[in-house]
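Single-letter residue listing:
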Amino acid sequence: MIAYRLYKAGDTGGLQVVTVRFFAVLKKLLDRETMHVAHDGPMTLKTLLDRLEVELPSIRSILREGRTLIAINQEIAQDETPIVDGDEVAFLPPFAGGSH
Amino acid sequence: MIAYRLYKAGDTGGLQVVTVRFFAVLKKLLDRETMHVAHDGPMTLKTLLDRLEVELPSIRSILREGRTLIAINQEIAQDETPIVDGDEVAFLPPFAGGSH
Amino acid sequence: MSPKETGSILEWIKIQEEDFSVEEESNRIKERSKRIGGIVTFLGTARDFSKGKDINRIDFEYYPGMAEKRLNEIRERALQDYDIIEVSIIHRVGRIETGENIVLIVVAAEHRKDAFRACEWCIDELKRITPIWKREETTQGEVWVVEHP
Amino acid sequence: MSPKETGSILEWIKIQEEDFSVEEESNRIKERSKRIGGIVTFLGTARDFSKGKDINRIDFEYYPGMAEKRLNEIRERALQDYDIIEVSIIHRVGRIETGENIVLIVVAAEHRKDAFRACEWCIDELKRITPIWKREETTQGEVWVVEHP
């Protein structure tokens, strides 16, 4: 965590590479589990979402439904949450653990 | 049950012999588990209790506390419940099943 | 019903000296129906102290016949009042050491809410109406336990 | 905390493909304290139908690291909010056949009321916040289950 903050403080808007993960129905629709997104300059979750809406039309309607949570480094994130180089962004459809 | 009722209907007040059972602290205080009580003529639980109060002074105070339930043939009985020959009358201190 | 008639029909009600297996009982109840989605179990065990006194051992005494009858009534009322599939009740009697199992209630249902409600009701009711008594041998002597003075 | 740091400390949290033993888990938790007087267990099993459709099999997928972290949060909050002694949570993932175990929550307490409350809260919370997904293969095709639409 400290490493990230130091990095962000010193960040001058260089190339950010983030890993994006998809689960369950999203993984099935995209037929892929992960992808890497490179972005030049500062970035928030909103920046990333705008890009993926264009690049991944097959899951656009699901993302717009608003029932998919998004985690950055395993913590639930909001549109304005910053994303930095090395982050893992995960798209989480509605959960269904347990037995019924 | 039907057998009992028929018997009672035809009962002319002859000798009744009932088995009395004691559990837990009552058994301990009396140092006995069962006794037999013979009674000439019709009898209710009250009749029996009045006799036992005299005959069993060591448990008199416990019986008077009113927290001991009494079952006749395994069904909870009241003072006015009739007792007939062959019945089992059980004195049941407060229950304590389960773990705590 | 005479005391002797209660024994044979009580597949899901047991009063016994031997220990029981939580796993075995769960599995036995699971085999009852493929509709089962949730099983709630209450396992009561012997603690090592009670009301501030250390306990060396406890002894359970019961009224044979009447106790089984009461447990069976509890089972039947639970099946009637809650949306559940099966209930099993086992209570040990005789001498029980600290840490050992005392009572097991297993409730199987399609949905968990009813299983939780029914299981808790069963153990509350067991304590309230079943003729079972507990004697504790503590460091300060022998006590016949009264739960709800 | 990086995902890798969550694994080792989680003695009481498990996400695994293998089946689990209710008995083993009960015994393990009983050894935690002699103050334990009541253990409430929720066992979730795979039913053979869902929303009117017959199920052939189900598959659970999860987010490794985050799922364990969430289960651990649930355990820690339960220990803080209820008067209980220990909580164990096991969730299976991968392929699960009808009738098999899915999830086990074991809560040990001195008194049963708190154990019932905490156990039910844990399973509700598990369903609400844990990144686990269920795919059902039914007679009418494959369904990603959404529990609370």
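All residue numbers refer to position in the chain's written sequence, counted from 1. Starting at A for chains and at 1 for ligands, labels are handed out in the order in which the entities are written. In keeping with the predicted nature of the model, local features appear solely for residues at pLDDT of at least 70, side-chain atom pairs appear and are counted solely at 80 or more, and the whole-chain, interface and lining totals rest on all residues. Remark: hydrogens and water are excluded; side-chain values derive from all non-hydrogen atoms of the structure.

The subject of this paragraph is the overall build of chain A. A count of helical and extended segments in chain A gives four helices and five strands. Out of the 100 residues in chain A, the part that is buried amounts to 44%. Within chain A, contacts between residues separated by at least 24 positions form 58% of all contacts whose residues are at least 6 apart in sequence. In the form shown here, chain A has an accessible surface area of approximately 5,200 Å², with 54% of it arising from carbon and sulfur atoms. Helix numbers and strand numbers start at the N terminus; a helix is a DSSP run of H or I with at least 4 residues, a strand a run of E with at least 2. Residue exposure (1.4 Å probe, protein chains only): buried if accessible area is under 20% of the type maximum, exposed if over 50%, otherwise partly exposed. It only takes one pair of heavy atoms within 4.5 Å for two residues to be counted as in contact. For the accessible areas, the method is Shrake-Rupley and the probe is 1.4 Å, while residue cover comes only from the protein chains on display.

One recurring pattern in soluble globular proteins: nonpolar side chains tend to sit buried together. Working definition of a nonpolar core: buried Ala, Val, Leu, Ile, Met, Phe, Trp, Tyr and Cys residues. They are joined through side-chain atoms within 4.5 Å. Membership of the largest hydrophobic core comes to 66 residues, with the highest contact counts inside it found for Ile105 of chain C together with Ile105 of chain D. Beyond its immediate stretch of four places on either side in the chain, Ile105 of chain C contacts Val40, Thr41, Phe42, Ser88, Ile89, Cys119, Cys122, Ile123 and Leu126 of chain C. Of all hydrophobic cores here, the second largest spans 24 residues; its members include Ile36 and Ile39 of chain C together with Leu43 and Ile90 of chain D.

Between chain C and chain D, the residue contacts involve 38 residues of the former and 38 residues of the latter. Contact between chain C and chain D buries roughly 3,100 Å² in total, counting both sides, with carbon and sulfur atoms accounting for 49%. Note: buried area is the sum, over both parts, of the accessible area (probe 1.4 Å) each one loses when the two are combined. The largest per-residue losses of area from chain C upon contact with chain D belong to Arg47, Arg112 and Phe116 of chain C, which jointly make up 20% of the total buried on that side. The term salt bridge refers to a side-chain nitrogen of Lys or Arg lying within 4 Å of a carboxyl oxygen of Asp or Glu. There are ten salt bridges connecting chain C and chain D.

In this section: the confidence of the model for chain C. Where the model shows low pLDDT, its predicted coordinates should not be examined in detail. Residues and elements named next belong to chain C. With 90% of its residues at a pLDDT of 70 or more, chain C shows a mean pLDDT of 89. The predictor's confidence in any single residue is recorded as pLDDT, a number from 0 to 100. Mean pLDDT per element in chain C: strand S3 (residues 49–50) is the minimum at 69, and strand S5 (residues 86–92) is the maximum at 98. Note on residues 1–8: pLDDT under 50 across the span, and seven contacts to partners over four residues away in sequence or across chains. For this predicted complex, the interface score ipTM comes out at 0.87, while the overall pTM is 0.88.

Right, let's get into the relation of the copies chain C and chain D. Only residues with pLDDT of at least 70 in both copies count here: their C-alpha atoms drive the least-squares fit that superposes the copies. The transformation that overlays chain C on chain D combines an axial shift of 0.0 Å with a rotation of 180 degrees, and the residual RMSD is 0.0 Å. Each copy turns onto its partner about a two-fold axis. Interface residue correspondence from chain C to chain D reaches 100%, placing this contact among same-surface, isologous pairings.

The next thing to look at is helix H3 (residues 45–55) of chain A. Residues of H3 of chain A that are buried: Leu45, Leu48, Leu49 and Leu52 of chain A. All buried residues of H3 of chain A project into a common sector of 100 degrees when viewed along the axis, lining one side. Think of it as the arc spanned by the lines of direction from the helix axis to the C-beta atoms.

So, on to the sheet that holds S5 of chain C. Spatial ordering of the open sheet is given by S1(C)-S5(C)-S7(C)-S2(C)-S2(D)-S7(D)-S5(D)-S1(D), a layout of eight strands whose pairing is mixed. On the outer flanks of this sheet lie strand S1 (13–16) of chain C together with strand S1 (13–16) of chain D, each paired with one strand and no other. Between one strand and the next, the sheet's axes are offset by a mean angle of 10 degrees, whatever the strand orientation. The pairing of S1 of chain C with S5 of chain C spans four bridges and is classified as parallel. The partner of Ile13 of chain C across the bridge, within S5 of chain C, is Ile89 of chain C. Only when DSSP finds a minimum of two bridges between them are two strands counted as paired. Axes, fitted as lines to C-alpha atoms, cover a helix only where it is in contact. Angles between the N-to-C directions of the axes lie from 0 to 180 degrees.

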